Amino acid sequence: MSTLLLVRHGQASYGAADYDQLSALGEEQSERLGLWLAERDRQIDALYVGPAKRHRQTAAGVTRAAAAKGLAIPEAIEDLGLGEFPAFELFTMHTGTELHNAAKSTDGTKSFESVCDGWMRGTLDCGELETAAQFEARVVGSMATICATERADTKGKTIMLITSGGPTMMAMKSVLGITPGKACELLWSIANASVSEFRFRDDALVLSAFNRIAHLEREHVTYR
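My aim in this report is to walk through the structure given alongside it, one point at a time. (Residues numbered from 1 in each chain as written. Predicted model: local features only at pLDDT ≥ 70, side-chain atom pairs only at ≥ 80, totals over all residues. Heavy atoms only, no water.)

Some remarks on helix α7 (residues 165–176)
- An ideal rise of 1.5 Å per residue puts 16 Å on 12 residues; α7 measures up with 16 Å between its terminal C-alpha atoms.
- Across the 12 residues of α7, 9 count as buried, placing the element largely inside the fold.
- Three or more residues of α7 are buried, namely G165, G166, P167, T168, M169, M170, A171, M172 and K173.
- G177 occupies a position one or two residues after α7 and carries a positive phi of about 70°. (Helix = DSSP H or I, 4+ residues; strand = E, 2+ residues; numbered from the N terminus. Expected span 1.5 Å × (residues − 1). Buried < 20%, exposed > 50% of the residue type's maximum accessible area, 1.4 Å probe, protein only.)

Structural data, given as structure tokens:
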């Protein structure tokens, strides 16, 4: 059996015009994850990242901090299938407002959650944007391809994927067989820089741990 570590990126810039940028805390969260891996001598055999800047920045923080403690992590391989769903575009389409403006209020955040819930349940018009079913197929297909590519015949491997909350949500939905509504509820509980762990043989994933944040102190835990 091999292990797949699914990591959500560190805190990005929610509420800013450019969301796709780690905050100072997001950088610290990433480095703490790298230190945690090094302290446990957690060998990483391959690292895959989504296409967003926040994914690459998180990977850079993890690998930099791990290297400082003597743990070498392989160079990241970009995988487009690990990209996030078009949440910001969906929000603007259905509210006529940019999310970075709406995010400044509680009502705006609730509206964002409502749009995501409708999208997951298939009750929201997506226009030309990616549907939840298409997104799930993309994420699950990409993860299956990665598992098949990295499958080891003689020993288990540990593969790390750094992505976003949406792909993590879809991985959980696929593995646990939960409903779209429950999966969307789960999305809001996924912490930044958290680690969900799966075991796999071929492309069959089995959940070992969800949303681990042992490497973070309470004041470092964020969800947006």
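Regarding the pattern of salt bridges
- Scanning the model with the defined rule gives 13 salt bridges in all.
- The residue R64 makes a salt bridge to E31 at a minimum N-O spacing of 2.9 Å. Within this pair, whereas R64 is found in helix α2 (residues 53–68), its partner E31 is found in helix α1 (residues 24–39), the two being separated by 33 residues in sequence.
- By relative accessible area, which is 30% here, E31 ends up partly exposed.
- Connected through shared salt-bridge partners, R42, E197 and R212 make up one network. (Salt bridge = Lys/Arg side-chain N within 4 Å of Asp/Glu carboxyl O.)

Here's the deal with the pairing of strand β2 (residues 46–49)
- Here β2 shows no split at all, with A46 and Y48 on one side and L47 and V49 on the other all buried.
- Inspection of the sheet shows β2 paired to strand β3 (residues 77–78) by 2 bridges, in the parallel sense. Counted as the bridge partner of Y48 is I77 from β3.
- Handedness of the crossover joining β2 and β3 through α2: right-handed. (Pairing = 2+ DSSP bridges. Right-handed = clockwise from strand over helix to strand, strands pointing away.)

Considering the pairing of strand β4 (residues 158–163)
- Summarising burial for β4: 6 of the 6 residues are buried, a large majority.
- Side chains T158, M160 and I162 project from β4 onto one buried face, and the interleaved I159, L161 and T163 project onto a second face that is buried too.
- Relative to β4, strand β1 (residues 2–8) runs parallel, the two being bridged by 6 bridges. Residue pairing for β4: L5 is matched across the bridge by M160.

Quick word on the sheet that holds β4
- Read across the open sheet, the 6 strands follow the order β3-β2-β4-β1-β5-β6; overall the sheet is mixed. Among the strands making up the open sheet, the edge pair consists of β3 and β6 (204–212).

Comments concerning the packing of helix α6 (residues 132–150) against α7
- At a closest axis distance of 9 Å, the pairing of α6 and α7 adopts a crossing angle of 85°. Taken together, the axes of α6 and α7 are roughly perpendicular relative to one another. In this structure, α6 contributes A132, F135, E136, V139, V140 and M143 to the contact, and α7 contributes G166, P167, M170, A171, K173 and S174.
- The class makeup of the residues in the contact of α6 with α7 is 8 nonpolar, 2 polar and 2 charged. (Axes fitted to C-alpha atoms, helices over the stretch in contact; angles between N-to-C directions. Parallel < 35°, antiparallel > 145°, perpendicular 65-115°, else oblique. Contact = heavy atoms within 4.5 Å. Nonpolar A, V, L, I, M, F, W, Y, C, P; charged D, E, K, R; others polar.)

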